[in-house]
Amino acid sequence: MDKKIIYMDYAATTYTKEEVLKEMLPYFTEYYGNPSSIYSIARETKKAIDVARDRVSKALSCGTDEVYFTAGGSEADNWAIKGIAFAHANKGKHIITTKIEHHGLLHTCEWLEKNGFEVTYLDVNEEGFVDLDQLKRSIKDDTILVSVMFANNEIGTIQPIKEIGEICKERKIIFHTDAVQAVGHVEIDVKELNIDLLSLAGHKIYGPKGVGALYIRKGLKIDNLIHGGGQERARRAGTENVAGIVGLGKAIELATADIKKDSEKLSFLRDKLMSGIVEKIPYTKINGPKGEKRLPGNVNISFKFIEGEGILLSLDYEGICASSGSACTSGALDPSHVLLSIGLDHETAHGSLRLSLGDNTTEEEVEYVLEKLPPIIERLRSMSPLWYDFKKRGEK
Ligand SMILES: *Cc1c(COP(=O)(O)O)cnc(C)c1O
């Protein structure tokens, strides 16, 4: 079978760029020395890690001594939250985050709640933005950490990170942001934004899976998550994932080289896809904000009266890869916590579709989806009892 694949799930993961892979390969077969050893092939690997660290630091406008490599975005989130919580527990045990974080962060906070910490989960409005006044009101004498994601992976909302950073700085509270989705799409200067910790991941920016980084502001006290050897300046043990780190370094360099141009192209395709869907299909609802404060590659739309799973299966039949507004937790389909937090009811949340675009997306692909999607929705609705009831009520 030689079916054309239309990949519109870049927010779930990306392919690894050829240039990235090319830089990685020698570190499997040629320069395989352990970076902690002293012979020359090991010196090459050590040097390669330094180059990658330098590239990450340039992308974030921070020092090379503030970049720590991890095994991905989830580890970076876990480390930031648990590491700060335990290192600062003597000052307080209250943490503030939001209801729409990635599970890597939410489930970490829930675990901390079981271990003596108190967590406030901020609401978001119908577009997914946090309320800065609610944030200010939630800060208590024992608040040690605020964690707000830079950009949301489901609905694309880009938070007012600078304002949040200012509030935290003024109240002397540590500020972490999960920037896994923002890197490569938004200009990030951690000093200007008053960010103390920032998580990122390789596989969302055309790098390899299983590698990420945590930026930790110099001088910040944080406990280790992974204990063992002295790697990463004795803060993150374990022999370095050298090839992965090399790949992450190259990927972040490429992803941040021309953010403005890339964003313009993606925003154009995003808007064409969004407005095309709304035009062609009745009873739809766009989730997330409009314009500049939305990730350039993110489209999220609810189709009333049907289930997202059905849409995904039908799209897959046409070679289109996408995501729905439900997540499979322990065998059952749960509506996305993000969609519920912006005020959707369970039924509408279940009928949601996320199409996330990336650097290989073309206008032809957008047109193909605009051609294939309307009949799919129509067919699924024709089989839906909810649609049937709705129509019957309308006829009366
Ligand atoms: C993908 C993602 C993560 C998790 O990163 P992994 O590298 O898959 O562990 C965390 N936060 C956000 C916002 C993400 O999109």
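The name given to the chain in an unreviewed UniProt entry is Cysteine desulfurase IscS, and the organism recorded there is Clostridium frigidicarnis. UniProt lists a comment for the chain under the heading Subcellular location (unreviewed entry), and it reads "Cytoplasm". Reading the Sequence similarities (unreviewed entry) entry of the UniProt record for the chain gives the comment "Belongs to the class-V pyridoxal-phosphate-dependent aminotransferase family. NifS/IscS subfamily."

1. Observations regarding the packing of helix α10 (residues 259-280) against helix α14 (residues 363-382)
Between α10 and α14, the least distance of the axes is 10 Å, while the angle of their chain directions is 15°. In terms of orientation, α10 lies roughly parallel with respect to α14. Helix-helix and strand crossings are classified by hand; for α10 and α14 the assignment is right-handed. Here Phe 268, Leu 269, Lys 272, Leu 273, Gly 276, Ile 277 and Lys 280 of α10 lie close against α14, whose contacting residues are Glu 363, Val 366, Glu 367, Val 369, Leu 370, Leu 373 and Pro 374. Along the lines of polarity and charge, the residues of the contact of α10 with α14 split into nine nonpolar, one polar and four charged.

2. Quick look at the site of the ligand
Every one of the 13 residues lining the ligand counts as a neighbour, but Gly 73, Ser 74, Asp 178, Gln 181 and Lys 204 are closest to it. With respect to the ligand, the side chain of Gln 181 contributes an N or O atom lying 2.7 Å from an oxygen atom. One of the side-chain nitrogen or oxygen atoms of His 203 is found 2.9 Å away from an oxygen atom of the ligand. With the chains in place, 88% of the 380 Å² that the ligand exposes on its own is no longer accessible. The element best represented in the shell around the ligand is helix α4 (residues 73-87), accounting for three residues.

How each quantity is defined
Residues numbered from 1 in each chain as written. Predicted model: local features only at pLDDT ≥ 70, side-chain atom pairs only at ≥ 80, totals over all residues. Heavy atoms only, no water. UniProt positions renumbered as here; feature names shortened; annotations may be inferred. Axes fitted to C-alpha atoms, helices over the stretch in contact; angles between N-to-C directions. Helix = DSSP H or I, 4+ residues; strand = E, 2+ residues; numbered from the N terminus. Parallel < 35°, antiparallel > 145°, perpendicular 65-115°, else oblique. Left-handed = near helix turned anticlockwise from the far one by under 90°. Contact = heavy atoms within 4.5 Å. Nonpolar A, V, L, I, M, F, W, Y, C, P; charged D, E, K, R; others polar. Near = heavy atom within 4 Å. Polar contact = N/O pair within 3.5 Å; in protein donor to acceptor, adjacent residues only side chain to side chain. Areas by Shrake-Rupley, 256 points an atom, 1.4 Å probe, with all protein chains shown as cover.

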